[in-house]
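The primary structure of each chain is shown beneath.
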Amino acid sequence: MAKIKYLVIHCTATPDGRDVTADDIRRMHCSPVSAGGRGWKQVGYTDLFRLNGRVERLADNNEDANVDPWEITNGAAGYNSVSRHIVYAGGCDEALRPKDTRTTAQRESMADYVRDFHRRFPSVKIIGHRDLSPDRNGDGVIEPSEWTKACPSFDVASWLKEIGIIQ
């Protein structure tokens, strides 16, 4: 456990109101490129927050096996060996522009999950995928102009304060 540094929050970059399942994620990530997938050997996340707030565990290519909580997934290049990755369904408006589309149920289940995770692993820093972008101007702050992507389409640091987590 000592090697894990980050819990990284992602969005599926799908339109507001479109639900995504664990099977959808498996297809998107593990199907061959020729079939519209990314051709990865492993999914990018350990847990998915559905629109109704249900948390679905994601599995490796053996659909009967749960991903170990500390198993390396493909969530963020260069950070996978030191991170756990979770994702919520949504993150875009109908035109696929970044938007915090989390439903009330998603917000509640994510808050419960993250609070519990932080209680169990207080030394692991909780961040959004965009917070892994390079600080191009070297001022110590990763600003919107420096984001490689907008994921998860909300400010994780501010949200953590809202739910009572101080890192």
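Now for a description of the structure that goes with this document.

What counts, and where the lines are drawn
Residues numbered from 1 in each chain as written. Predicted model: local features only at pLDDT ≥ 70, side-chain atom pairs only at ≥ 80, totals over all residues. Heavy atoms only, no water. Pairing = 2+ DSSP bridges. Helix = DSSP H or I, 4+ residues; strand = E, 2+ residues; numbered from the N terminus. Axes fitted to C-alpha atoms, helices over the stretch in contact; angles between N-to-C directions. Salt bridge = Lys/Arg side-chain N within 4 Å of Asp/Glu carboxyl O. Buried < 20%, exposed > 50% of the residue type's maximum accessible area, 1.4 Å probe, protein only. Contact = heavy atoms within 4.5 Å. Polar contact = N/O pair within 3.5 Å; in protein donor to acceptor, adjacent residues only side chain to side chain.

With respect to topology, five strands assemble into an open sheet ordered E4-E3-E5-E1-E7, the strand pairing being mixed. Two strands bound the open sheet, and with one partner strand each, they are strand E4 (55-57) and strand E7 (125-128). If you compare each strand with its neighbour and ignore which way they point, the axes differ by 25° on average. Note: strand E1 (residues 6-11) against strand E5 (residues 83-88), six bridges, orientation parallel.

As a further point, take the pattern of salt bridges. Under the counting rule described, the total for this entry stands at 14 salt bridges. Across the salt bridge formed by Glu56 and Arg50, the nearest N and O atoms sit 2.3 Å from each other. The residues Glu56 and Arg50 share a single accessibility class, namely buried. For the salt bridge of Asp112 with Arg115, the shortest nitrogen-to-oxygen distance reads 3.4 Å. Remark: Arg115 and Asp112 occur in helix H2 (residues 104-120); sequence separation between them is three residues, near one turn of the helix. Note on Arg115: relative accessible area 37%, which makes it partly exposed. One connected set of salt bridges, linked through shared partners, spans Asp19, Arg50, Arg54 and Glu56.

A separate point is unusual backbone geometry. For the bond running from Cys151 to Pro152, omega is 15°, close enough to zero to count as cis. Looking at the element boundaries, Pro152 is found in the loop between E7 and helix H3 (156-162). Phi at Leu96 takes a positive value of approximately 65°, unusual for a residue other than glycine. In this fold, Leu96 is placed in the loop between strand E6 (91-92) and H2. Not every positive phi belongs to a glycine, and Ser153 is a case in point at roughly 70°. The residue Ser153 is located in the loop between E7 and H3 in this model. By relative accessible area, which is 12% here, Ser153 ends up buried.

Within the sequence span of helix H1 (residues 22-30), burial applies to Ala22, Asp24, Ile25, Arg26, His29 and Cys30. Among the structural elements, strand E3 (47-49) and E4 are those in contact with the buried residues of H1.

One can find Val55 in strand E4. For Val55, a relative accessible area of 34% gives the class partly exposed. Distance from Val55 to Gln106, taken between C-alpha atoms, is 8.8 Å for residues 51 residues apart in sequence. Excluding residues that lie within four positions of it along the chain, Val55 makes contacts with Asp47, Leu48, Phe49, Ser109 and Tyr113.

A polar side-chain atom of Ser153 sits 2.7 Å from the main-chain carbonyl oxygen of Gly91. Leaving out residues up to four positions away in the same chain, Ser153 has contacts with Cys11, Tyr88, Gly91, Pro98, Lys99, Asp100 and Arg130.

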